[in-house]
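Coordinates in review
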Amino acid sequence: MERPLQNIRYDKAAEALYIVDQTLLPTEEKEIRLETAEQMYDAIRSLRVRGAPAIGICAAYCLYALARTIDAPDMDGFMERLRTYSAYLNSSRPTAVNLSWALNVQLETAGAHRQEGREAVLEALYEQAVEIHEDDIAKCKAISEFGLSLLKEGDGVLTHCNAGPLATSRYGTAQGPFLLAAERGMKLRVFADETRPLLQGARLTSYELQKGGVDVTLICDNMASIVMKNGWVQACFVGCDRVAANGDTANKIGTSGVAILAKHYGIPVYVLGPTSTVDMACPDGEHIPIELRDGEEIKNLWYEKPMALPEVKCYNPAFDVTDHALITAIVTEKGICYPPFTESLAALFENA
């Protein structure tokens, strides 16, 4: 069993931010350094760093690194420039709430220390980024423990997209229970959807699980129904990029189809993610912005030659919304939430 790659790394001695370029996996494991705002924006937009929690962690370090470059005559100018950088990074991807959440936390941290001067603000921003990172590691471990409690020896589980260490930290969310089970010698069988059109399931999930000693079988997205019909799947575990207050959940395109199939075959669907992904200000899935991406990802990406005529129109939403009625439970680091989600999700924040 191999240890997962460290997807985000800040070298404090060199004051340098590095990420594993996920667009190169699984054939090449390469770190790249992010130095400018444009590089950081591109890394998020182009999916060099991806996964809602990982985007939040990366954004926290990015804002600290950018703050170090600000040359302003006073703290008013410093804060104005910091807010501009934050807004720019936040515009890179609209669906994952962790991005705006982490950036807002950093802006609040800077505001709380602005009277102490620039150096104090920089120190606070770095410490807050580290705290966000370490907190996600702890949350992933807790989510993995709760998720594993829903499975038993020999179960088959279907997962869609990628919600492992690359998308989060350490264990991951939806993949965390599988890796934790492997560590403990518990046998599970995982079916990983390839996840068109960006193939995160093929390139990343099967890669991480294979390296982690998990019995993983890669399938095309349109094979999910037959493995369910064959009785090979006892549960579906998926991650999430945003959870609305009523339990509607945005995740990688194709997730809602998995949930609909699972409903037909009587298979439970579990959504796993940290509470930072729960957006109580968003009432339902209708209010979740869905990112639309370039249609060239469908026609050309991964192909030696184009698979459609250049003039053919494409519709390429990056996410879809799974209705709360299709979800059996939502697993967070604070526990497992069951319907009605309007009550169980709200209870997560009662003592916050």
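In this report, we go over the structure that sits alongside the text.

Cut-off values and rules
Residues numbered from 1 in each chain as written. Predicted model: local features only at pLDDT ≥ 70, side-chain atom pairs only at ≥ 80, totals over all residues. Heavy atoms only, no water. Salt bridge = Lys/Arg side-chain N within 4 Å of Asp/Glu carboxyl O. Buried < 20%, exposed > 50% of the residue type's maximum accessible area, 1.4 Å probe, protein only. Helix = DSSP H or I, 4+ residues; strand = E, 2+ residues; numbered from the N terminus. Pairing = 2+ DSSP bridges. Axes fitted to C-alpha atoms, helices over the stretch in contact; angles between N-to-C directions. Core = buried A, V, L, I, M, F, W, Y, C linked by side-chain atoms within 4.5 Å. Contact = heavy atoms within 4.5 Å.

1. Let's talk about the pattern of salt bridges
Where charged atoms from two side chains of opposite charge come close, those side chains can pair. Considering all chains together, one arrives at 20 salt bridges under this definition. When the shortest N-O distance is used, the salt bridge between Glu119 and Arg118 registers 3.2 Å. Residue classification places Glu119 among the exposed positions, given a relative accessible area of 55%. Take Arg118: its relative accessible area is 28%, and that puts it in the partly exposed class. Residue Arg184 pairs with Glu145 through a salt bridge whose shortest N-O separation is 2.5 Å. One end of the pair, Arg184, is in the loop between α6 (176-183) and β5 (189-193); the other, Glu145, is in helix α5 (residues 118-148), with 39 residues separating them in the sequence. The exposure class of Glu145 is partly exposed, given its relative accessible area of 29%.

2. Points about the sheet that holds strand β1 (residues 8-11)
Each strand in a sheet pairs with its neighbour through backbone hydrogen bonds, running either in the same direction (parallel) or in the opposite one (antiparallel). Sheet architecture is open: three strands sit in the order β1-β2-β3, paired in antiparallel fashion. If you trace the sheet from one side to the other, it starts and ends with β1 and β3 (31-34), each paired once. On average, adjacent strands in this sheet sit at an angle of 30 degrees to one another, irrespective of strand direction. As defined by bridge partners, strand β2 (residues 16-20) adjoins β3 across four bridges and the pair is classed as antiparallel. Each residue of the ladder has a partner; that of Tyr18, found in β3, is Arg33.

3. Notes on the nonpolar core
Note that soluble globular proteins tend to have their nonpolar side chains buried in a common cluster. Ile8, Ile19, Leu34, Val49, Tyr61, Phe78 and Leu82 are the most contacted members of the largest nonpolar core, which totals 44 residues. Of all elements in the fold, only β1, β2, β3, α1 (37-45), α2 (52-67), α3 (75-90), α4 (97-113) and α5 reach the threshold of two or more residues within this core. In contact with Leu82, not counting residues within four places along its chain, are Leu63, Ala67, Ile70, Leu107, Ala110 and Leu125. Judged by nonpolar contacts, the second largest core, of 25 residues, contains Ile143, Leu151, Val157 and Leu188.

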